[in-house]
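# Residue-level structure breakdown
Okay, here's what each chain looks like letter by letter:
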Amino acid sequence: MKRRLREGAGLIVLDPREIDLVRSPHVQADFHLQLRPSTNVAVVNALSHVIMAEGLEAKKFIEERCDPEGFKTWKAFILDPVNSPENVFEETGVDPEIVRGAARLFASKPNGAIYYGLGVTEHSQGSTTVMAIANLAMCTGNIGREGVGVNPLRGQNNVQGSCDMGSFPHELPGYRHVSDPAVRALFGNEWGVEIQPHPGMRIPNMFDAAVAGTFKALYVQGEDVAQSDPDTHHVTNALSSLECMIVQDIFLNETAKFATVFLPGSSFLEKSGTFTNAERRISPVRKVMEPLAGLADWEVTQRLAQALGYPMNYSHPSEIMDEIARLTPTFTGVSYEKLDKLGSIQWPCNDAAVDGTPTMHIGEFVRGKGMFKVTPYVPTDEVTTRKYPLLLTTGRILSQYNVGAQTRRTENVQWHDEDVLEIHPHDAENRGIENGDWVGLQSRAGETVLRAVISERIQPGVVYTTFHHPFSGANVVTTDNSDWATNCPEYKVTAVQASKVSKLSDWQQKFAKFTEEQLEHLNRARQPEKVN
Amino acid sequence: MDVEKLVKMANQIAANSDYGADKEKIAATIADHLTRFWTPEMRKAIIEQKKVVALTPIAARAVDKLVMPTSGF
């Protein structure tokens with residue numbers, strides 16, 4: 001992307017912060033739409049509104065590739081003056097002329113690609129924004145060839161692969177709903193089990209049910225929910241309510257402190273398998289050393305299945321891939337042998353595309369005609385009040401990976417050894433906060449204390465922090481608000497108050513004590529047994 | 001189940017689906033979403049409690065369309 005920008009491609013950035021991409025060596029955004037957190041849908045709709053109102057849409061593409069009825073309905077919706085940049089200015093905070101300029105630039109280029117991160121999905125209208133982005137790409141004809149398209153940049157390296165493999169409570173691999181009897185029969189016959197036709201629980205539903213006492217056991221593999229999930233008080237309450245929690249990880253992470261059983265995990269160097277990235281590219285991961293814990297992750301899961309009475313007997317991960325190929329139409333042609341031969345494969349890979357599919361939607365969409373969806377802007381419930389007058393938005397920094405379980409145990413801490421609160425000079429001055437002061441951050445969910453960094457990267461009324469260090473307690477403050485369709489937590493919007501303080505929050509003091517107790521248990525367990 | 005949370009979720013789904021004049025069709029879309037993505041236990045809870053906590057009119061109309069689950073708990 002940076003290479004194309006250095007070669008002269010236009011750049012439009014939508015972000016509440018002035019992120020590095022807005023201005024960096026040899027790169028300068030043509031437009032930075034510095035929108036207020038929670039107003040993505042209003043801004044993306046406004047971009048499409050301008051394109052349609054000014055007749056800049058890709059008429060031929062729409063006529064040939066899109067469903068006419070869907071387009072007609074959407075066109076009437078998007079042209080409503082309610083979606084104009086001028087009308088939404090009060091909510092979004094983005095100068096209408098900047099929106100109009102950005103829309104004209106995007107529509108004027110022969111190729112336009114859209115890349116988005118978790119700033120889109122981690123909102124109460126995350127799903128709606130994705131649909132609004134798809135509308136924008138279709139109305140400008142930017143789908144189905146190289147150099148265009150809608151490209152979600154995932155939060156982890158194998159989010160795409162997990163989704164492909166049915167890591168949803170309502171789907172089996174290949175995005176097939178469990179209510180389909182033919183799909184259930186296919187997998188049921190292979191596995192020798194009867195598969196329920198109902199969706200299961202999503203993670204927040206599990207936590208609610210655990211607190212209610214109706215959900216008793218959890219198996220957590222390679223995820224640190226005690227730190228990563230919103231509303232920490234609620235999460236730790238749920239984890240403490242379980243009768244059995246198995247944690248499998250390469251570190252004794254925050255979630256492991258609540259485990260009844262801990263199973264050692266294996267790193268990516270100690271196991272074979274595949275990762276799939278956002279361009280549907282399946283890449284092999286090869287074991288370069290025996291797992292220090294004795295078993296690769298898939299072997300641990302297999303042993304657990306066997307101990308529970310299910311005869312799971314794969315002898316190599318390639319057999320698991322063969323099973324995927326047998327059961328999943330988009331993976332029919334994938335095998336370890338072919339991955340070794342080609343290096344990597346982009347699905348769909350089957351008889352119709354023997355070596356995979358680098359670009360999707362050429363000539364036709366998977367569903368046939370492209371379907372425009374109406375995407376009304378519905379403001380989030382998480383609004384500022386006199387008690388909580390600021391909006392907190394959370395994010396990540398380059399040198400730390402997610403909750404930092406892997407990176408803050410390395411020298412990367414030299415770059416980022418604590419999470420800080422970015423606050424605009426105007427908001428800091430109003431509160432008597434100076435650079436480096438301890439600041440108490442309160443929301444309706446909880447309170448934590450962070451060190452202040454005064455910054456003009458964010459606008460007045462918005463504060464920002466990262467969540468890489470557990471002691472920061474960023475998710476003690478975030479709430480249970482979530483996306484209407486997926487329940488993805490709304491990490492990007494929390495109404496808060498910030499004030500200068502002189503001591504740590506109650507949660508942080510309890511957290512420090514709890515961590516100390518856990519480490520004592522660990523040290524005691526590591527002592528050689530005394531022989532009388 | 002925390003019924004207040006379920007009501008909030010159902011109202012959110014309804015608010016994000018409520019566009020157009022054909023309310024019957026919208027209610028059917030919302031009901032289909034609840035059937036495809038909610039567990040039977042969650043659906044049972046929202047059917048049973050619908051008069052207790054405030055569902056919006058369009059969400060209530062969708063809940064009226066749900067079939068009471070009899071298995072999957």
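Residues numbered from 1 in each chain as written. Chains lettered and ligands numbered in written order. Predicted model: local features only at pLDDT ≥ 70, side-chain atom pairs only at ≥ 80, totals over all residues. Heavy atoms only, no water.

### So, the overall build of chain B
A tally of helices and strands in chain B yields four helices and zero strands. Its helices and strands in sequence order give chain B the pattern α-α-α-α, from N to C terminus. In terms of overall size, chain B behaves like a compact globule, its C-alpha atoms giving a radius of gyration of 11 Å where 73 residues would be expected to give roughly 11 Å. Taking the principal axes of its C-alpha atoms as reference, chain B extends roughly 35 × 20 × 15 Å. (Helix = DSSP H or I, 4+ residues; strand = E, 2+ residues; numbered from the N terminus. Rg over C-alpha atoms; globule rule 2.2 N^0.38 Å.)

### Notes on the nonpolar core
If you look at the biggest cluster of nonpolar residues, it comprises 35 residues, and the most contacted ones within it are A:Leu33, A:Leu47, A:Trp74, A:Leu136, A:Met138, A:Cys139 and A:Phe372. Only helix H2 (40-53), helix H3 (59-65), helix H4 (68-79), helix H6 (96-108), strand E5 (113-116) and helix H8 (126-139) of chain A provide two or more residues apiece to this core. Setting aside residues up to four positions removed in sequence, A:Trp74 forms contacts with A:Ser48, A:Met52, A:Asn135, A:Cys139, A:Phe372, A:Lys373 and A:Val374. If you look at the next biggest cluster of nonpolar residues, it comprises 25 residues, including B:Leu6, B:Ile30, B:Ala31 and B:Ala62. (Core = buried A, V, L, I, M, F, W, Y, C linked by side-chain atoms within 4.5 Å. Buried < 20%, exposed > 50% of the residue type's maximum accessible area, 1.4 Å probe, protein only. Contact = heavy atoms within 4.5 Å.)

### Brief notes about a nonpolar patch on the surface
Residues and elements named next belong to chain A. A cluster of nonpolar residues, Phe268, Leu269, Val288, Met289 and Leu292, forms a patch on the protein surface that exposes about 520 Å² of accessible area. Examined against the element boundaries, Val288 turns out to sit in the loop between strand E13 (281-285) and helix H14 (297-307). In this structure Val288 comes out as exposed when scored by relative accessible area, which is 60%. (Patch = residues over 30% accessible without salt bridge, like charges linked within 9 Å, V, L, I, M, F, W, Y side chains within 5 Å. Areas by Shrake-Rupley, 256 points an atom, 1.4 Å probe, with all protein chains shown as cover. Salt bridge = Lys/Arg side-chain N within 4 Å of Asp/Glu carboxyl O.)

### Considering the side chain of A:Asp419
All names here are of chain A. Its location among the elements puts Asp419 in the loop between strand E15 (390-395) and strand E16 (420-423). Here Asp419 is buried and forms no salt bridge, its nearest opposite-charge partner Arg408 lying at an N-O distance of 7.3 Å. Engagement of the side chain of Asp419 in a polar contact is seen with the backbone nitrogen of His468, the distance being 3.2 Å. Separated by 2.6 Å, the side chains of Asp419 and Ser472 make a polar contact. Beyond its immediate stretch of four places on either side in the chain, Asp419 contacts Leu450, Thr465, Thr466, Phe467, His468, His469 and Ser472. (Lys, Arg positive; Asp, Glu negative; His and termini not counted. Polar contact = N/O pair within 3.5 Å; in protein donor to acceptor, adjacent residues only side chain to side chain.)

### Digging into the domain arrangement of chain A
Interface extent is often summarised as the accessible area lost during association of the parts. All names here are of chain A. Along its sequence, chain A is carved into domain 1 (2-152), domain 2 (159-346) and domain 3 (390-515). Taken over C-alpha atoms, the centre of domain 2 sits 30 Å from the centre of domain 3. In this assembly, 17 residues from domain 2 lie in contact with 25 residues from domain 3. Of the roughly 1700 Å² buried where domain 2 meets domain 3, counting both sides, 57% is carbon and sulfur surface. For the interface between domain 2 and domain 3, the tally reads zero salt bridges. Across the domain 2-domain 3 interface, the total number found is 14 residue pairs in polar contact (both at pLDDT 80 or more). Within the residue set of the side of domain 2 that touches domain 3, elements represented by two or more residues are helix H11 (203-212), helix H12 (225-228) and helix H13 (232-241). (Domains from an automatic or database assignment. Buried area = accessible area lost by both parts, 1.4 Å probe.)

### Description of the packing of aromatic side chains
All names here are of chain A. Taken as a whole and assessed by the stated rule, the structure comprises eleven aromatic pairs over all chains. When the centroid spacing of 6.4 Å and the interplanar angle of 40° are considered together, the rings of Tyr175 and Trp347 count as tilted. Here Tyr175 is found in the loop between strand E7 (171-172) and strand E8 (176-177), whereas its partner Trp347 is found in the loop between strand E14 (345-346) and E15, with 172 residues between them in sequence. With relative accessibility at 9%, the residue Trp347 sits in the buried group. Linked through ring pairs, Phe71, Trp74 and Phe372 together constitute an aromatic cluster. The ring of Phe365 carries Arg65 above its face, with NZ or CZ at 4.6 Å from the centroid. Directly above the ring of Trp438 sits Arg451, whose terminal nitrogen or CZ lies 4.4 Å from the centroid. (Phe/Tyr/Trp six-rings, centres within 6.5 Å; stacked < 30°, edge-to-face > 60°. Lys NZ or Arg CZ within 6 Å of the ring centre and 35° of its normal.)

### As for H2(A)
All names here are of chain A. Between its first and last C-alpha, H2 extends 20 Å over 14 residues, near the 20 Å set by a 1.5 Å rise per residue. Counting buried positions over the 14 residues of H2 gives 13, a clear majority of the element. Downstream of H2 by a residue or two, Gly55 has a phi angle that is positive, lying close to 65°. (Expected span 1.5 Å × (residues − 1).)

### A word on the sheet that holds strand E18 (residues 447-454) of chain A
The sheet built from six strands closes into a barrel, its strands ordered E15-E19-E16-E18-E17-E20 (chain A) with mixed pairing. With strand direction ignored, the average angle separating the axes of adjacent strands in the sheet is 45°. (Pairing = 2+ DSSP bridges. Axes fitted to C-alpha atoms, helices over the stretch in contact; angles between N-to-C directions.)

### Some words on helix H10 (residues 181-191) of chain A
Residues and elements named next belong to chain A. Of all the positions in H10, only Val183, Arg184, Phe187 and Gly188 are classed as buried. The buried residues of H10 occupy an angular sector of 125° when the element is viewed end-on, so they sit on one face. What points out from H10, more than 90 degrees from its buried face, is the exposed set Pro181, Ala182 and Asn189. Against the buried residues of H10 lie E7, E8 and helix H15 (317-327). With a side-chain oxygen lying 2.9 Å from the backbone nitrogen of Ala182, the N-terminal cap of H10 falls on Asp180. One or two residues past the end of H10 sits Gly192, with phi positive at roughly 70°. (Arc of directions from axis to C-beta.)

### Looking at the sheet that holds strand E12 (residues 273-276) of chain A
Residue and element names in this part refer to chain A. Across the sheet, three strands lie side by side as E12-E13-E14; this open sheet has antiparallel pairing. Strands at the two margins of the open sheet, each flanked by one partner only, are E12 and E14. Judged from the four bridges that link them, E12 and E13 form a sheet pairing that is antiparallel. Paired with Gly273 across the strands is Val285, a residue of E13.

### Points about the environment of B:Val7
Residue and element names in this part refer to chain B. Along the chain, Val7 turns up in helix H1 (residues 3-17). Given a relative accessible area of 3%, Val7 falls into the buried group. Along the chain, Val7 and Ala60 lie 53 residues apart, while their C-alpha atoms are 9.6 Å from each other.

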